[in-house]
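Each chain, letter by letter, is given below.
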Amino acid sequence: MSWKSTPASADRLRAKLDDEFETVAKPQGLRRSSDARRAQEAAEPAPDKDQWQRSSEQRASQPRASGQRGAARGGPRSARQSESESDAGFETASVGSDDAAADDGKQARRGPSLKMRAVGYLSRREHAREELARKLAAYAEDADEIESVLDALEKEGWLSTERFAQSLVHRRASRQGAARIVQELRQHGVDDTQVAELREQLRATEYDRALEVWKKRFDAKPQDRTVYARQARFLASRGFAHDVIRRILGEGDED
């Protein structure tokens with residue numbers, strides 16, 4: 001066999017040798033890198049156990065210390081804020097109590113105005129001027145204020161003692177006699193002239209009204225003194241005149 005070879009065969013031989021060299025060199029290179037890394041780790045000093053524990057404790061305590069610092073920062077401020085709020089609340093309460101003690105009357109009168117209260121009463125039913133003044137006295141500072149409101153209500157047509165008197169007679173006439181209705185009109189401060197006129201009107205219908213009241217309560221006229229006295233007392237308690245009672249029940253005894 002001849003050692004001489006063609007250029008092509010020489011190239012193939014060179015490539016084969018290169019492949020074999022790389023195959024042998026790669027594991028050796030890896031081993032050298034691993035050996036160098038282990039040598040470096042061996043050369044470095046091992047960490048101190050106490051130092052490692054202190055570092056761990058320091059890292060663990062950092063969030064807690066931070067929170068404590070935040071609480072420390074917030075603590076005095078919160079305390080100061082609470083003290084300020086307490087002082088403010090105490091001052092407000094003191095001022096309020098002083099105002100209440102100094103002006104109890106005004107505190108009690110808070111709410112609807114005097115005129116609105118009067119209109120409220122009048123919207124329910126008619127009132128005499130004197131009657132309405134008595135109801136407003138608890139909410140007014142003085143009598144002049146009440147008189148001013150009543151004058152305004154009369155001018156505006158809300159208040160009318162004459163209208164009140166007519167309304168009262170209309171409500172009471174079917175159940176009561178003239179004497180009792182007149183007494184109630186006077187208690188409410190109705191003018192004597194108007195009372196006299198209304199009394200005459202009531203007297204004109206006294207007998208018919210008394211008869212209706214008697215019929216609703218009793219079935220027949222009394223047959224003895226006891227029954228007569230009981231029926232007479234009933235009609236008299238309703239305010240009917242004695243002459244009207246005798247006409248309905250009969251003359252009876254002199255007593």
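Residues numbered from 1 in each chain as written. Predicted model: local features only at pLDDT ≥ 70, side-chain atom pairs only at ≥ 80, totals over all residues. Heavy atoms only, no water.

Chemist: How should I be thinking about the overall build of the chain in this particular structure?
Modeler: The secondary structure content of the chain amounts to 12 helices and 0 strands. Out of the 255 residues in the chain, the part that is buried amounts to 24%. Contacts spanning at least 24 positions in sequence make up 58% of the contacts within the chain whose residues lie at least 6 apart. (Helix = DSSP H or I, 4+ residues; strand = E, 2+ residues; numbered from the N terminus. Buried < 20%, exposed > 50% of the residue type's maximum accessible area, 1.4 Å probe, protein only. Contact = heavy atoms within 4.5 Å.)

Chemist: Mind showing me how you'd approach the packing of helix H7 (residues 161-172) against helix H9 (residues 192-204) here?
Modeler: Viewed as axis vectors pointing N to C, H7 and H9 meet at an angle of 25°, and their least axial separation amounts to 11 Å. The angle between H7 and H9 falls in the class roughly parallel. As for the relative orientation of H7 and H9, their crossing is right-handed in sense. Counting all contacts with H7, which are made through Thr161, Glu162, Ala165, Gln166 and Val169, the residues of H9 involved are Gln194, Leu198 and Leu202. (Axes fitted to C-alpha atoms, helices over the stretch in contact; angles between N-to-C directions. Parallel < 35°, antiparallel > 145°, perpendicular 65-115°, else oblique. Left-handed = near helix turned anticlockwise from the far one by under 90°.)

Chemist: Quick question: what am I supposed to make of H9 here?
Modeler: The periodicity of an α-helix, 3.6 residues per turn, causes residues three or four places apart in sequence to face the same way. Between the first and last C-alpha of H9 there are 19 Å, a value that for 13 residues agrees with the 18 Å anticipated at 1.5 Å per step. Every buried residue belonging to H9 is among Gln194, Val195, Leu198 and Leu202, and all of these are buried. The arc that holds the buried residues of H9, viewed along the axis, is 100°, so those residues lie on one side. The exposed set on the far side of H9, more than 90 degrees from its buried face, consists of Asp192, Thr193, Glu200 and Ala204. (Expected span 1.5 Å × (residues − 1). Arc of directions from axis to C-beta.)

Chemist: Please explain the UniProt feature "domain: RecX second three-helical" (unreviewed entry) in the chain as it appears in this structure.
Modeler: Mapped onto this structure's residue numbering, the UniProt feature "domain: RecX second three-helical" (unreviewed entry) falls at residues 162-197. Secondary structure across residues 162-197 comprises 75% helix and 0% strand; the distance between its end C-alpha atoms is 11 Å. (UniProt positions renumbered as here; feature names shortened; annotations may be inferred.)

Chemist: Quick question: what am I supposed to make of the UniProt feature "coiled-coil region" (unreviewed entry) in the chain here?
Modeler: Sites flagged by UniProt as "coiled-coil region" (unreviewed entry) map to residues 129-156. Within residues 129-156, the helical portion is 79% and the strand portion 0%, while the C-alpha atoms at the span's ends are 14 Å from each other.

Chemist: Could you clarify how one ought to interpret the packing of aromatic side chains in this entry?
Modeler: How two aromatic rings sit relative to each other is set out by the distance from centre to centre and by the angle between their planes. Here the structure, examined in full by the defined rule, presents 1 aromatic pair. Here the aromatic rings of Phe218 and Phe234 are separated by 5.5 Å at their centres, their planes lie at 85°, and the arrangement is edge-to-face. Residue Phe218 is located in the loop between helix H10 (206-217) and helix H11 (225-237), and its partner Phe234 is located in helix H11; the two are separated by 16 residues in the primary sequence. What makes Phe234 buried here is its relative accessible area of 12%. For Arg247, the ring lying beneath its charged end belongs to Tyr207, and the centroid distance is 4.1 Å. (Phe/Tyr/Trp six-rings, centres within 6.5 Å; stacked < 30°, edge-to-face > 60°. Lys NZ or Arg CZ within 6 Å of the ring centre and 35° of its normal.)

Chemist: Looking at this structure, I do not really get helix H5 (residues 129-136). What am I missing?
Modeler: Every buried residue belonging to H5 is among Arg129, Glu131, Leu132, Ala133 and Leu136, and all of these are buried. The secondary structure elements touched by the buried residues of H5 are helix H4 (114-124), helix H6 (143-156) and H7.

Chemist: Quick question: what am I supposed to make of the confidence of the model for the chain here?
Modeler: The predicted coordinates should not be examined in detail at positions where pLDDT is low. Residues with a pLDDT of 70 or more make up 55% of the chain, whose mean pLDDT is 75. Per-residue pLDDT stays below 50 along residues 64-79; that stretch engages in 1 contact with residues further than four places along the chain or on separate chains. Every residue in residues 90-103 scores below 50 in pLDDT, and together they form 1 contact with partners more than four places removed in sequence or on other chains. (pLDDT = per-residue confidence, 0-100.)

Chemist: Where do I start with the pattern of salt bridges in this structure?
Modeler: A pair can form between side chains of opposite charge whenever their charged atoms are brought close. All chains considered together, the criterion is met by 10 salt bridges. By sharing partners, the salt bridges in this structure join Arg129, Glu147, Asp151 and Glu154 into a single network. (Salt bridge = Lys/Arg side-chain N within 4 Å of Asp/Glu carboxyl O.)

Chemist: Just to check I follow, could you spell out the environment of His242 for this structure?
Modeler: Following the sequence through the fold, His242 ends up in helix H12 (residues 242-249). For His242, a relative accessible area of 56% corresponds to the exposed category. In this structure the C-alpha to C-alpha distance between His242 and Ala232, which are 10 residues apart in sequence, comes to 8.5 Å.

Chemist: It is not clear to me how the side chain of Ser160 should be interpreted in this structure. Could you clarify?
Modeler: Among the structural elements, Ser160 can be located in the loop between H6 and H7. Reaching out from Ser160, the side chain makes a polar contact with the backbone nitrogen of Arg163 at a distance of 3.1 Å. In contact with Ser160, other than residues within four places in its own chain, are Glu126 and His127. (Polar contact = N/O pair within 3.5 Å; in protein donor to acceptor, adjacent residues only side chain to side chain.)

Chemist: How should a negative patch on the surface be read in this particular structure?
Modeler: On the surface, Glu162, Asp191, Asp192 and Glu197 cluster together to form a negatively charged patch. Along the chain, the position of Glu162 falls in helix H7. (Patch = residues over 30% accessible without salt bridge, like charges linked within 9 Å, V, L, I, M, F, W, Y side chains within 5 Å. Areas by Shrake-Rupley, 256 points an atom, 1.4 Å probe, with all protein chains shown as cover. Lys, Arg positive; Asp, Glu negative; His and termini not counted. Charge placed at Lys NZ, Arg CZ, Asp CG, Glu CD.)

Chemist: When you look at the packing of H5 against H6 in this model, what are you seeing that I'm missing?
Modeler: In the contact formed by H5 and H6, the axes pass within 10 Å of each other and the chain directions differ by 135°. In terms of orientation, H5 and H6 fall into the oblique class. Crossing of H5 against H6: the hand is right-handed. Taking contact as the criterion, the partners of Arg129, Leu132, Ala133 and Leu136 in H5 are, on H6, Ile146, Glu147, Leu150, Asp151, Leu153 and Glu154. Its residues assigned to classes, the contact of H5 with H6 shows 6 nonpolar, no polar and 4 charged. (Nonpolar A, V, L, I, M, F, W, Y, C, P; charged D, E, K, R; others polar.)

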